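In case you want the letters, here they are:
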Amino acid sequence: MLKEISRKNAIHIMLVYTGGCNGCDIEIVNAVLSPFYDIEQYKVILTWNPREADILAVTGPVTKKMEPALKEIYAAIPEPKLVAAIGSCAINGGPYANLGGDLGSSDQIVGGVSKVIPVDANIPGCPPRPEDVLQAVVSVVPLLAKKR
Amino acid sequence: MRNMFIFMLKGAYDNIGRIIFAKDRKTSIQMRNKILAGQVTYPKTVNEDACIGCGACANICPVDAIDMELLKKPVKITKSYVKEKHPVFNPLKCMYCFQCHDNCPIFAFYGMPAAIHPRHVGDFDINLAELLQQPIVMKDKKEIDAIVALLDEKAKKLMTEG
Amino acid sequence: MADVDRKDRAEVEVPLGMVHSALLEPFRIRLFVDDEVVVDAEITYDTAHRGIERMMEGMPVQKGLILTERICGICSHIHIWNGTRMVERGLGIEVPQRAHHIRVIGNEMERLHSHLLYLGHAFEILGHETFSMRCFMFREPVQNMLFFLSGNRVHYTIPVIGGIRPRCDIDKDKKQTLLAMLKSLDEELKAFGNRVINDTLIVSRIKDIGYLSKEDAIKYGALGPNMRASGVNFDWRIKVPEYKDNFDFEVIVREGGTVLDRVACRLFECLESIKIIKQALETLPDEEPINVGYELGRMGYSTSYNEAARGEIYDSCSLDDLGRIQSYINRTPSMSSLSAMEVSCIGDHLTDATITIVSCDPCLTCTNRVTVVDENKDKEYILEPEDIRRLARRKI
Amino acid sequence: MEAKEFVLTTIFIPVVAFIVSTWIPGIMRKIQARIQLRIGPPILTPGFWAVLKFIYKERIEPVSPFPRLYHSLPLIGLFLMFFIILLTTPAWVDVLGLTTLVAVAGLMKVEEMLYIFMGNLSRSIMSVRMPYPDQVKGAILKGNARRFFEQVSAIRTFKLISIGSFPLYIGLFVPAVVTGTISIVGVAVYQGFNTTSFAISDIFSLKPLLWSIPGVLGAISYFIGYLVILNEYPFSIMHTKADVIEGPTLEYAAWARASYYLMREATMFVMSSVFVTLYFGIPPVLGWALIPHVLLAMILPVAAAVVSAFTPVLTFKQIYPLSLGFTALGIVGIIFAIL
Ligand code: SF4
Ligand code: SF4
Ligand code: SF4
Ligand code: SF4
Ligand code: SF4
Ligand code: SF4
Ligand code: SF4
Ligand code: SF4
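In this text the structure is predicted, and so the values were computed from the model without any measurement. (Residues numbered from 1 in each chain as written. Chains lettered and ligands numbered in written order. Predicted model: local features only at pLDDT ≥ 70, side-chain atom pairs only at ≥ 80, totals over all residues. Heavy atoms only, no water.)

What to know about the overall build of chain A
Line of reasoning, step 1. A count of helices and strands for chain A gives six helices and seven strands.
Line of reasoning, step 2. Reading the secondary structure of chain A in the N-to-C direction produces α-β-α-β-β-β-α-β-α-α-β-β-α.
Line of reasoning, step 3. The C-alpha atoms of chain A give 15 Å as radius of gyration, which agrees with the globular expectation for 148 residues (15 Å, within 12%).
Line of reasoning, step 4. Projected onto its principal axes, the C-alpha coordinates of chain A cover approximately 55 × 35 × 20 Å.
Line of reasoning, step 5. Considering chain A as a whole, with its 148 residues, one finds that 72% of them fall into the buried category.
Line of reasoning, step 6. Look at the contacts in chain A between residues 6 or more apart in sequence, and 81% of them connect residues 24 or more apart.
Line of reasoning, step 7. Total accessible area on chain A is roughly 4,000 Å²; 52% of this is exposed by carbon and sulfur atoms. (Helix = DSSP H or I, 4+ residues; strand = E, 2+ residues; numbered from the N terminus. Rg over C-alpha atoms; globule rule 2.2 N^0.38 Å. Buried < 20%, exposed > 50% of the residue type's maximum accessible area, 1.4 Å probe, protein only. Contact = heavy atoms within 4.5 Å. Areas by Shrake-Rupley, 256 points an atom, 1.4 Å probe, with all protein chains shown as cover.)

Describing the overall build of chain B
Line of reasoning, step 1. Each helix and strand counted, chain B has eight helices and two strands in total.
Line of reasoning, step 2. Sequence-ordered secondary structure for chain B, helices as α and strands as β, is α-α-α-β-β-α-α-α-α-α.
Line of reasoning, step 3. Relative to its length of 162 residues, chain B is extended, with a C-alpha radius of gyration of 24 Å against a globular reference of 15 Å.
Line of reasoning, step 4. Viewed in the frame of its principal axes, chain B has a C-alpha envelope of about 75 × 35 × 30 Å.
Line of reasoning, step 5. Taking the contacts inside chain B whose residues are at least 6 apart along the sequence as the reference set, 62% of them involve residues at least 24 apart.
Line of reasoning, step 6. Just so you have it, chain B exposes about 8,900 Å², and 56% of that area is on carbon and sulfur atoms.

Considering the interface of chain B and chain A
Line of reasoning, step 1. Counting residues at the interface gives 24 residues for chain B, matched by 23 residues for chain A.
Line of reasoning, step 2. Buried area between chain B and chain A, both sides added, is near 1,900 Å², and the carbon and sulfur share of it is 64%.
Line of reasoning, step 3. The largest contributions to the chain B side of the interface with chain A come from B:I35, B:L92 and B:M95, which together make up 29% of the buried area.
Line of reasoning, step 4. Taken together, the links from chain B to chain A amount to zero salt bridges.
Line of reasoning, step 5. Across the chain B-chain A interface, the total number found is nine residue pairs in polar contact (both at pLDDT 80 or more). (Buried area = accessible area lost by both parts, 1.4 Å probe. Salt bridge = Lys/Arg side-chain N within 4 Å of Asp/Glu carboxyl O. Polar contact = N/O pair within 3.5 Å; in protein donor to acceptor, adjacent residues only side chain to side chain.)

Focus on the environment of D:G119
Residues and elements named next belong to chain D.
Line of reasoning, step 1. Summarising the element assignment, G119 is placed in helix α5 (residues 101–121).
Line of reasoning, step 2. You can call G119 buried: its relative accessible area is 0%.
Line of reasoning, step 3. Between the alpha carbons of G119 and P301 there is a distance of 25 Å; along the sequence they are 182 residues apart.
Line of reasoning, step 4. Beyond its immediate sequence surroundings of up to four residues, G119 is in contact with E150, Q151, A154 and P248.

Structural notes on the domain arrangement of chain B
Line of reasoning, step 1. The domain boundaries assigned to chain B delineate domain 1 (2–37) and domain 2 (56–153).
Line of reasoning, step 2. Between domain 1 of chain B and domain 2 of chain B, the C-alpha centre-to-centre distance is 47 Å. (Domains from an automatic or database assignment.)

Some points on the sheet that holds strand β1 (residues 145–146) of chain D
Line of reasoning, step 1. As summarised here, the arrangement of the four strands in space is β3(C)-β2(C)-β1(C)-β1(D), forming an open sheet in which the pairing is mixed. Each edge of the open sheet is held by one strand with a lone partner, namely β3 (37–44) of chain C together with β1 of chain D.
Line of reasoning, step 2. In terms of strand pairing, strand β1 (residues 12–16) of chain C meets β1(D) through two bridges, oriented parallel. From the neighbouring strand, C:V12 faces β1(D), where its bridge partner is D:A145. (Pairing = 2+ DSSP bridges.)

So, the pattern of salt bridges
Line of reasoning, step 1. Across all of its chains, the model carries 52 salt bridges over all chains by this definition.
Line of reasoning, step 2. A:K71 is the partner of A:E67 in a salt bridge, and the nearest nitrogen-oxygen pair spans 3.5 Å. Placement of both A:E67 and A:K71 in helix α3 (residues 67–76) is noted, with a separation of four residues, approximately one turn of the helix.
Line of reasoning, step 3. Overall, the relative accessible area of 22% leaves A:E67 in the partly exposed class.
Line of reasoning, step 4. For D:R156, the salt bridge goes to C:E36, with nearest N and O atoms at 2.8 Å. Of this pair, D:R156 sits in helix α6 (residues 149–164) while C:E36 sits in the loop between β2 (28–34) and β3, which puts the two residues in different chains. The pair formed by D:R156 and C:E36 is uniform in burial state, with each residue classed as buried.

Quick word on the nonpolar core
Line of reasoning, step 1. Of all hydrophobic cores here, the largest spans 236 residues; its most connected members are A:L56, A:L70, A:V113, B:I52, B:F109, C:L31 and C:F123.
Line of reasoning, step 2. Considering each element in turn, this core owes the most residues, 14 residues, to helix α5 (residues 97–126) of chain C.
Line of reasoning, step 3. With sequence-adjacent residues up to four places away left out, A:L70 is seen in contact with A:V16, A:T18, A:L56, A:V58, A:V62, A:V113, A:V116 and A:I117.
Line of reasoning, step 4. In terms of nonpolar packing, the next biggest core, distinct from the first, is built from 98 residues, D:I85, D:M108, D:L121 and D:V270 among them. (Core = buried A, V, L, I, M, F, W, Y, C linked by side-chain atoms within 4.5 Å.)

A look at the interface of chain D and chain C
Line of reasoning, step 1. Every contact between the two is made by 45 residues of chain D and, on the other side, 50 residues of chain C.
Line of reasoning, step 2. For the pair chain D and chain C, the two sides together bury roughly 4,300 Å², of which 55% comes from carbon and sulfur.
Line of reasoning, step 3. For the interface between chain D and chain C, the tally reads six salt bridges.
Line of reasoning, step 4. Across the salt bridge formed by D:R146 and C:E13, the nearest N and O atoms sit 2.8 Å from each other.
Line of reasoning, step 5. Applying the counting rule to chain D against chain C returns 20 residue pairs in polar contact (both at pLDDT 80 or more).
Line of reasoning, step 6. Where the side of chain D that touches chain C is concerned, the elements lending two or more residues are α2 (24–35), β1, α6 and α13 (316–338) of chain D.
Line of reasoning, step 7. Per-class residue counts for the side of chain D that touches chain C are 24 nonpolar, ten polar and eleven charged. (Nonpolar A, V, L, I, M, F, W, Y, C, P; charged D, E, K, R; others polar.)

Quick word on the sheet that holds strand β3 (residues 55–59) of chain A
Sheets are built from strands that pair by backbone hydrogen bonding, the pairs being arranged parallel or antiparallel.
All names here are of chain A.
Line of reasoning, step 1. If you trace the five strands from one edge of the open sheet to the other, you get β2-β1-β3-β5-β7, paired in parallel fashion. Edge positions in the open sheet fall to β2 (44–47) and β7 (121–123), since each of these has one partner strand only. Along the sheet, successive strands turn relative to each other by an average axial angle of 25 degrees, direction set aside.
Line of reasoning, step 2. Across three bridges, strand β5 (residues 82–86) lies against β7 in parallel orientation. Directly across from I86, in β7, lies its bridge partner I123.
Line of reasoning, step 3. Strand contacts of α3: β1 (11–17), β3 and β5, with the helix running at about 165 degrees to β3, the strand carrying the most contacts. (Axes fitted to C-alpha atoms, helices over the stretch in contact; angles between N-to-C directions.)

Some words on the state of the cysteines
Residue and element names in this part refer to chain C.
Line of reasoning, step 1. Overall, the coordinates contain zero disulfides over all chains when judged by the stated rule.
Line of reasoning, step 2. Just so you know, C345 is unpaired, no disulfide at all, and the nearest cysteine sulfur is the one on C360, 10 Å from it.
Line of reasoning, step 3. Of the residues examined, C345 reaches a relative accessible area of 0% and is grouped as buried. (Disulfide = S-S within 2.5 Å.)

Looking at the environment of A:E131
Line of reasoning, step 1. The residue A:E131 is located in helix α6 (residues 130–146) in this model.
Line of reasoning, step 2. Looking at A:E131, the relative accessible area reads 11%, which means it is buried.
Line of reasoning, step 3. Residues A:E131 and A:N30 lie 101 residues apart in sequence; the distance between their C-alpha atoms is 9.9 Å.
Line of reasoning, step 4. Not counting residues up to four positions away in its chain, the partners in contact with A:E131 are A:Y37, B:M31, B:I35 and B:V40.

A word on the pairing of β3(A)
Remember that side chains alternate between the two faces of the sheet whenever the strand is regular.
Residue and element names in this part refer to chain A.
Line of reasoning, step 1. Here β3 lies mainly inside the structure; five of its five residues are buried.
Line of reasoning, step 2. Here β1 runs beside β3; their pairing, made up of five bridges, is parallel. The partner of Y17 across the bridge, within β3, is T59.

So, the site of ligand 1
Line of reasoning, step 1. The full set of residues close to ligand 1 is A:G20, A:C21, A:G23, A:C24, A:G87, A:S88, A:C89, A:G125, A:C126, A:P127, C:R70 and C:H155.
Line of reasoning, step 2. The environment around ligand 1 is built from residues contributed by chains A and C.
Line of reasoning, step 3. Of all the secondary-structure elements, those providing two or more residues to the shell around ligand 1 are α2 (23–33) and α4 (88–92) of chain A.
Line of reasoning, step 4. A per-class count over the shell around ligand 1 returns five nonpolar, six polar and one charged. (Near = heavy atom within 4 Å.)

Thoughts on α13(D)
Line of reasoning, step 1. Here α13(D) spans 32 Å end to end across 23 residues, near enough to the 33 Å set by a 1.5 Å rise per residue.
Line of reasoning, step 2. Buried within α13(D) are the following residues: D:F316, D:Q318, D:I319, D:S323, D:T327, D:G330, D:G333 and D:I334.
Line of reasoning, step 3. Buried residues along α13(D) sit in contact with α8 (200–206) of chain C together with α6, α7 (166–179) and α9 (213–230) of chain D. (Expected span 1.5 Å × (residues − 1).)

Next up, the structure:
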């Protein structure tokens, strides 16, 4: 009971950029730092320490160089944790994985985040608007509270 | 240093108001309510009025992010052409390559705003019946053929026979 | 980069990144410090390498140009514009003047939002959260303008071969709204700039650090505002006809070469950008924004230079008979600016080094292209800064 | 009577301090948010719910040479803080002879030193351990020792202790010089505090030290020292986000993180409470007089929130002169007091 309330009332979010074009990253930064959006009013606090995080927001198609780092960071987060894949790159690899068609996709990327770590929420857009990100984060919080 | 002092005095006045009365707050309350109620929706991606239901966008899309769905009520566009299907866009699959936009005949043949745009199609008025009467402005024969190949049978007839 | 005698003095290495609050983008900085004073620095950026140029090989050019936009989410417009411009130049495609104006508007808005983002990021690194948020507050109207103009806040996808996508055309209403938005932004920015330049604590923090001399700026290839802040007077906009023939503006040059100058340079450039957008809106010709009557075909090697928010950008490629891309090359300013920062943070405190590196406005996603595969040895290695300099072709 | 009051104080005052301190980060954050023209988090979120949430998180073994020691450090800090506030209560007068300014100063020094230990014991993923093959990348300086962020900040803490906390000690000793006693309660008594019976109405008859020239100068020094010991902006070089992210506390997870949060919150409150005792002459006592004490103890956090909203993080280049400047200010205060 208290556990659920406390989890709903303080959420720490950590961002990891895995080689996207920066578009998604900037929009998340906007959601966090722009007073117009202000993520903190939804009780979500930005952190840069995996030990503190509850939600891991990942953007970009995971490049091969970033794959081990992403895995390690995910492992460093104590349960309960959620992963949000933000932007079409993080969902399915975006143009880097799909645009090539017959020519094949880029051989420098692994693809969507779900190929590396389990994903709980997908936020579509290229990039998603800050309000999309905020709404998605707000709507996954009950999931977080319910975990173990 | 003197400037700094002036700023501090002025700032003290402003900021006391801000701290106590939340003066000149920039956070959008409207957006806050929308987000808390879960009402943020994806922007409009298909302009129904401008779409002729030709299926080119669905055929070109490399990741099948567009489905052509049957309209409950077919729309009559010209004397001989009735629109029966319309595109439905799925943002979770899309990778925003703009192929649908660039191959939509409305844009490609006439240089008008396309009826589909994966991000936000925009608001504009278009008179389809009139537009379709005009000659195609695109010059490149190869390109025209490539796009016509994407259209479904009925639309192909409409485009090639006018 | 390091002299030999520095080696003896360096005590320890402090690696930062790839995931780090100051960097935002994934890259690695290794700082070699002697009691927290930086003796040498190594910046490695290959983590965001997605092989875009490689992917474009053989793609139809219209499709490939979409990919250029995804090189970067900050200067997305300049990439697609410069790529499109390169193809148009190569094939001799006529572009309506109206489209040129709107492309310029897009680029200047991009410069505005990019510089404001830079300021916001720099203040965040300085630990000044309030001013960082103020910058993002000023940036919000710019983003709204861009959304209003193009239907997206980041990737606007304005240019297409032959002109602009009609979605992004500017009608009368749009023009009035944009002008009104610009006016209030102009006033707010001037007041804010005044406040920052007079803030003793901030100025004392950025005043004497990150010094890059004019010689070093040229030697290491700093570009854009970084080079102009070190006293090099060059801006591609005075050579590109789209700008040169139509608009009046000043090139901001400062002599100091420190972080303060780089910050100030961008602040003033914002005001110039507003000026250009206003002129472009007011002189917008009345015509169709796109010419679809062109034919694609074989194109010889074509190039295009332009001025992105961060400096010189270069695109080149050739097309085969079916209009497919052959050997696309895209060269972006961040890469060579970053190698200049490797020298300019030497001698500063560790905490100052991060703001120095950030002060060149590094954007890594475009920079990640220097992994070279040596097929004989069957292993990957990274080009040294010296090699980059050798390979980079700059003609100023 | 004496014994009963002693036991009650010992239990009740730390509990009050604990409860009040969980509000402080939220209040500070709210003030900053208002200055930044946004709504900001609810007041209980950063200090209370966050702590509770961390307690319910999965326990993870920290990456550290001595995990147990590492985890126990914030608990030690928490304990130290409650000890300090007890030392300032009249009920503890003459217990072990510890209720002096010297003892408080000493304990605060220990509190600062904890960060050195924390820094040396933590090995987070964020710096050296990040999986990236950069040692083959060709820097000329090969084979150097590699330092974790936490160790960098341990060094910074050391520098801060040696010079940055001068203002705090000056701020602690100005009252001693003015009043001629190093007993904390003695300082309060000098300002008109009555140890045997003290009611709310008596507050207006106090003559706070703050209303004198040495008092003001001492208070300014104390405030700067307060910022330094809390590592609050602009003195947050030890855990600045710009390079070392969070410094010594990077590896704390779950309940250990909760205890670190509590330690920090307790420090915020207790240091401010000591200030109220010394400069307003109202020590924490049982009864209604505790309310004005707690309210006044919000002054320093609120001021810290405002200052930190308008300052960048300073490097040692600025910290040394600033710290020395404010120390000098405190010394001027002492000179005034002697005159
Ligand atoms: S989804 Fe779009 S904006 Fe986001 S990283 Fe990918 S290409 Fe960039
Ligand atoms: S933009 Fe999206 S919907 Fe359109 S063709 Fe590309 S992937 Fe398909
Ligand atoms: S290509 Fe254009 S006209 Fe055809 S169905 Fe799609 S949106 Fe409608
Ligand atoms: S080095 Fe250049 S050509 Fe090679 S994969 Fe990377 S971007 Fe493409
Ligand atoms: S060496 Fe030159 S052409 Fe090659 S990738 Fe680098 S910048 Fe491009
Ligand atoms: S340097 Fe590259 S990533 Fe940075 S703004 Fe320019 S093109 Fe974009
Ligand atoms: S420098 Fe590169 S990564 Fe940064 S904003 Fe520009 S294009 Fe994007
Ligand atoms: S230098 Fe050669 S291999 Fe490298 S990116 Fe350029 S064209 Fe490709």
